[in-house]
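Geometric and topological summary
Each chain, letter by letter, is given below.
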Amino acid sequence: MADKSKETCAHPSCHCAAAKDSKYCSAFCEKNAGHPDIACACGHPACETTAHAGSRINAT
Ligand SMILES: [Zn+2]
Ligand SMILES: [Zn+2]
């Protein structure tokens, strides 16, 4: 059984679980919902990993 009760954050680049009373996991995702091209930086560990792996930014 998959836990369908858990909703994923509505931000395209975010893989976190959304907050109970929100489509998003954090204020960051809510503010940047219109910018799906940026890496999620909500601060959750899962997204920090994703940002490093899938970023197009050439960090030094
Ligand atoms: Zn996130
Ligand atoms: Zn999020």
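Heads up: these notes are all about the structure in this document. Keep in mind the model is a prediction, meaning the values are calculated, not measured.

About the thresholds
Within each chain, residues carry numbers counting from 1 in the order of the written sequence. Here every chain gets a letter starting at A, and every ligand a number starting at 1, in the order they are written. Only residues with pLDDT of at least 70 are given local features in this predicted model, and only at 80 or more are side-chain atom pairs given and counted; all residues enter the totals for whole chains, interfaces and linings. Each helix corresponds to a stretch of at least 4 residues labelled H or I by DSSP, and each strand to a stretch of at least 2 residues labelled E; elements are numbered beginning at the N terminus. To sort residues by burial, count the other C-beta atoms lying within 10 Å of each one's C-beta; a count of 20 or more means buried, 12 or fewer means exposed, and anything in between means partly exposed. C-beta atoms are built from the backbone. Note on contacts: residues are paired as contacts if their backbone-placed C-beta atoms lie within 7 Å. Note on terminology: a nonpolar core is any set of buried Ala, Val, Leu, Ile, Met, Phe, Trp, Tyr and Cys residues joined through C-beta atoms within 7 Å.

Counting its regular elements, the protein chain contains 2 helices and 0 strands. Out of the 60 residues in the protein chain, the part that is buried amounts to 20%. In the protein chain, the share of contacts with a sequence separation of at least 24, taken over all contacts with a separation of at least 6, comes to 23%.

Membership of the largest hydrophobic core is limited to 9 residues, which are C9, C14, C16, Y24, C25, C29, C40, C42 and C47. Discounting chain neighbours no more than four positions away, the residues touching C29 are C9, A10, H11, C14, Y24, C40 and C42.

Relative to the assigned elements, C40 resides in the loop between α1 (27–31) and α2 (45–54). Distance from C40 to P12, taken between C-alpha atoms, is 8.5 Å for residues 28 residues apart in sequence.

Moving on to the environment of C14. Its place among the elements puts C14 in the segment before α1. On the basis of neighbour count, C14 is assigned to the buried category, with 26 C-beta atoms found within 10 Å. Measuring from C-alpha to C-alpha, the distance between C14 and C29 comes to 7.6 Å, with 15 residues separating the pair along the chain.

Right, let's talk about the environment of C16 for a bit. Within the secondary structure, C16 sits in the segment before α1. Placed 28 residues apart in sequence, C16 and H44 show a C-alpha to C-alpha distance of 7.5 Å. Those residues in contact with C16, other than ones at most four positions away along the chain, are C9, C25, C42, H44, A46 and C47.

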